[in-house]
Amino acid sequence: MKENPVPALGQPPARTGCTDGLATCGVDPCLPGRVQLRCDRGVAQQHTDRLPLLPGKGFRPGQQPLVALEQLARRPERGVRQGRPDDLREQRHLGGHAILDAAGADLDYEIFRVGAAEYEENGALIPEEGFASFEKTHVLLKSPITTPLGTGFRSLNVTLRKKYDLYANMRPAKSNAAVKTPFEHVDIVMFRENTEDLYAGVEEKIDENTAHSIKIITRKCSERIIRAAFGYAQKNGRKKVTCVHKANIMKISDGLFRDIFYEVSKEYPQVQAEDKIVDNVAMQLVMQPQKFDVIVTENLYGDILSDLTSGLIGGLGLLPSSNMGEDFAMFEAVHGSAPDIAGKGIANPTAFLWSACMMLEHLGKQEISAKIRRAVDEVLKDGTILTPD
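Just so it is clear, the structure is predicted and the values come from calculations on it, not from any experiment. (Residues numbered from 1 in each chain as written. Predicted model: local features only at pLDDT ≥ 70, side-chain atom pairs only at ≥ 80, totals over all residues. Heavy atoms only, no water.)

## Structural notes on the overall build of the chain
Okay, so step 1: Along the backbone of the chain there are twelve helices and 13 strands.
Okay, so step 2: Burial status across the chain gives 53% buried among its 389 residues.
Okay, so step 3: Counting only contacts in the chain whose residues sit at least 6 apart along the sequence, the fraction spanning at least 24 positions is 73%.
Okay, so step 4: By element, 51% of the accessible surface of the chain is carried by carbon and sulfur atoms, the whole surface being about 17,100 Å². (Helix = DSSP H or I, 4+ residues; strand = E, 2+ residues; numbered from the N terminus. Buried < 20%, exposed > 50% of the residue type's maximum accessible area, 1.4 Å probe, protein only. Contact = heavy atoms within 4.5 Å. Areas by Shrake-Rupley, 256 points an atom, 1.4 Å probe, with all protein chains shown as cover.)

## Brief notes about the pattern of salt bridges
Okay, so step 1: A full pass over the atoms with the stated rule returns 17 salt bridges.
Okay, so step 2: Between lysine 142 and glutamate 332 there is a salt bridge whose closest N-O contact spans 2.9 Å. Of this pair, lysine 142 sits in strand E4 (residues 139-142) while glutamate 332 sits in strand E13 (residues 329-333), and the two are 190 residues apart along the sequence. Each member of the pair lysine 142 and glutamate 332 is classed as buried.
Okay, so step 3: Close ionic contact of arginine 219 with glutamate 223 constitutes a salt bridge, the shortest N to O distance being 3.1 Å. Of this pair, arginine 219 and glutamate 223 both sit in helix H7 (residues 219-235), four residues apart, which is roughly one turn of the helix.
Okay, so step 4: Connected through shared salt-bridge partners, Asp197, Lys215, Asp254 and Glu298 make up one network. (Salt bridge = Lys/Arg side-chain N within 4 Å of Asp/Glu carboxyl O.)

## Regarding the environment of glutamate 203
Okay, so step 1: Positionally, glutamate 203 belongs in strand E7 (residues 203-207).
Okay, so step 2: Relative accessible area serves as the criterion here: at 63%, glutamate 203 is assigned to the exposed category.
Okay, so step 3: Sequence separation between glutamate 203 and lysine 215 is twelve residues, and the spatial gap between their C-alpha atoms is 9.4 Å.
Okay, so step 4: Not counting residues within four places of it along the chain, the set of residues in contact with glutamate 203 comprises His212 and Ser213.

## Focus: H7
Two residues of an α-helix separated by three or four positions point the same way, owing to the 3.6 residues in each turn.
Okay, so step 1: Taking 1.5 Å of rise per residue, the 17 residues of H7 would be expected to cover 24 Å, and the 24 Å separating its terminal C-alpha atoms lies within 8% of that figure.
Okay, so step 2: Taken together, the buried positions of H7 are occupied by Cys221, Ser222, Arg224, Ile225, Ile226, Ala228, Ala229, Phe230, Gly231, Tyr232 and Ala233.
Okay, so step 3: Packed against the buried residues of H7 are strand E5 (168-174), strand E6 (187-193), strand E9 (240-245), helix H8 (253-265), strand E10 (272-277) and strand E11 (294-297).
Okay, so step 4: Positive backbone phi, approximately 70°, marks glycine 237, located one or two places after H7. (Expected span 1.5 Å × (residues − 1).)

## Quick notes on a nonpolar patch on the surface
Okay, so step 1: A cluster of nonpolar side chains, namely Met283, Val286 and Met287, defines an oily patch on the protein surface of about 290 Å² accessible area.
Okay, so step 2: With respect to the element layout, valine 286 can be found in the loop between helix H9 (278-285) and E11. (Patch = residues over 30% accessible without salt bridge, like charges linked within 9 Å, V, L, I, M, F, W, Y side chains within 5 Å.)

## Brief notes about the packing of helix H11 (residues 350-362) against helix H12 (residues 366-382)
How two helices sit against one another is set out by the angle between their axes and by the gap between those axes.
Okay, so step 1: H12 packs onto H11 with a crossing angle of 160° between their chain directions and a minimal axis gap of 8 Å. Between H11 and H12, the angle falls in the class roughly antiparallel. Every pair of crossing elements has a handedness; the one defined by H11 and H12 is left-handed. Within the contact between the two elements, H11 uses Thr350, Leu353, Trp354, Cys357, Met358, Leu360 and Glu361 and H12 uses Gln366, Ile368, Ser369, Ile372, Arg373, Val376, Asp377 and Leu380.
Okay, so step 2: Residues of the contact of H11 with H12, tallied by class, amount to nine nonpolar, three polar and three charged. (Axes fitted to C-alpha atoms, helices over the stretch in contact; angles between N-to-C directions. Parallel < 35°, antiparallel > 145°, perpendicular 65-115°, else oblique. Left-handed = near helix turned anticlockwise from the far one by under 90°. Nonpolar A, V, L, I, M, F, W, Y, C, P; charged D, E, K, R; others polar.)

## Topic: the side chain of threonine 309
Okay, so step 1: Mapped onto the elements of the fold, threonine 309 is located in helix H10 (residues 299-313).
Okay, so step 2: One polar contact links the side chain of threonine 309 to the main-chain carbonyl oxygen of serine 306, over a distance of 2.8 Å.
Okay, so step 3: Not counting chain neighbours up to four residues away, the residues in contact with threonine 309 comprise Ala173, Ile188, Met190 and Leu285. (Polar contact = N/O pair within 3.5 Å; in protein donor to acceptor, adjacent residues only side chain to side chain.)

## Re the packing of aromatic side chains
Okay, so step 1: Counted according to the given criterion, the structure contains eight aromatic pairs.
Okay, so step 2: Taking the centre distance of 4.9 Å and the plane angle of 55° together, the rings of tyrosine 164 and phenylalanine 328 count as tilted. In this pair, tyrosine 164 sits in the loop between helix H6 (156-163) and E5 while phenylalanine 328 sits in the loop between strand E12 (320-324) and E13, placing the two residues 164 residues apart along the sequence.
Okay, so step 3: On the numbers, 5.3 Å between centres and 15° between planes, the contact of phenylalanine 230 with tyrosine 268 is stacked. Taken as a pair, phenylalanine 230 in helix H7 and tyrosine 268 in the loop between H8 and E10 lie far apart in primary sequence, 38 residues in all.
Okay, so step 4: Residue class for phenylalanine 230 comes out buried when judged on its relative accessible area of 0%.
Okay, so step 5: Taken together, the ring pairs connect Phe131, Phe134, Tyr164 and Phe328 into an aromatic cluster.
Okay, so step 6: Over the aromatic face of phenylalanine 131 sits the side chain of lysine 163, whose NZ or CZ is 5.1 Å from the ring centroid. (Phe/Tyr/Trp six-rings, centres within 6.5 Å; stacked < 30°, edge-to-face > 60°. Lys NZ or Arg CZ within 6 Å of the ring centre and 35° of its normal.)

## A look at the environment of glutamine 290
Okay, so step 1: Inspection of the secondary structure assignment puts glutamine 290 in the loop between H9 and E11.
Okay, so step 2: Between the alpha carbons of glutamine 290 and glutamate 184 there is a distance of 8.2 Å; along the sequence they are 106 residues apart.
Okay, so step 3: The residues contacting glutamine 290, other than those within four sequence positions of it, are Glu184 and His185.
Okay, so step 4: Reaching out from glutamine 290, the side chain makes a polar contact with the backbone oxygen of glutamate 184 at a distance of 2.7 Å.

## A look at the nonpolar core
Most often, soluble globular proteins have nonpolar side chains that are buried together.
Okay, so step 1: Core analysis: the largest hydrophobic core is formed by 65 residues, its most contacted members being Phe191, Ile226, Val241 and Val296.
Okay, so step 2: Per element, the largest residue contribution to this core is nine residues, and it comes from H11.
Okay, so step 3: Apart from residues no more than four positions distant in its own chain, valine 241 is found in contact with Ala229, Phe230, Ala233, Phe261, Val271, Gln272, Ala273, Glu274, Val294 and Val296.
Okay, so step 4: Residues Phe131, Ile145, Tyr164 and Phe328 belong to the second largest nonpolar core, which totals 13 residues. (Core = buried A, V, L, I, M, F, W, Y, C linked by side-chain atoms within 4.5 Å.)

## Points about H10
Okay, so step 1: Between its first and last C-alpha atoms H10 spans 22 Å; for 15 residues at 1.5 Å apiece the expected length is 21 Å, and the two agree.
Okay, so step 2: Considered for burial, the residues of H10 that qualify are Asn299, Tyr301, Gly302, Leu305, Ser306, Thr309, Ser310, Leu312 and Ile313. With its buried residues spanning 165° around the axis, H10 presents them on a single face.
Okay, so step 3: Of the surrounding elements, those touching the buried residues of H10 are E5, E6, E9, H8, H9 and E11. (Arc of directions from axis to C-beta.)

Below is the structure:
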């Protein structure tokens, strides 16, 4: 029997504050190349949520969110537990761990090393214990991980998405008044199919001058990502879902995706459905991004267009994401690792923290998430302590 299953997309999250003795796990996102995973079974009256974290090389939270939490710590009415600012400064090396704790997330922690360093020493990007923990907890918060260079190495992100069928990649891009860009009032949620299309990795080298890559689109995968997008729109009061494709050229594969989109749209008559060709969408996004609400698309298009939407709001350092399946959920910043600046205290932690907020909301901890979001917003608005980007 599965433990603490993740609810289906569009459904309310499972209850938290467990008292049934289920395992508990937690996070520490500032130890490069390490994972925290601890599972303590049979603990009565345990009031923590189960959570593993896969932090990777290159992520090192800076001062930004901790300063905000220091400000909140001086205001007990805001809900963050009281404590001297120096207490938080002393915990600066704990990064996201300290932030989640200070906000009252009430999570436990264990650490495993993952990524390039783990491969170099033990021949695997993630130890088997890490997979086992995720399979018990069903929820994972992961920071960027460096994949070893060379042929034959599959991205750990791709591995996790395929292994646990994390088919729905949601990437919300929303303007922040404190981050000035040429675009205002952007509020776009991208739903990207995560398991097939050209990213399925079905390739063949015909000869030294010719290589083939096969695009795979199936009804099963198309239906569930499209239904996830419409379900999200309906649940969150969104008005429109736009299907992005290239069916004018790839009439069979993208044509199938588009046809299924309109079939599923009939189940959600209160949500407007439209379709657009991907190159037109790329142009429209940088001319009138406010015209878009929820976008649903295939794997490759979603990867490219979500980077574009991050540019509208200030860059990849501000774009969080979730990777959802029927039984498992993974939350991560969209940007990659940056080993060249690891340990320097200059990496932008915002996307990671907002991914953590998405995780907290998934776990039913909306108030804790709101505290962290307010903290980040205050620091961005204040503008005193910011990362170089």
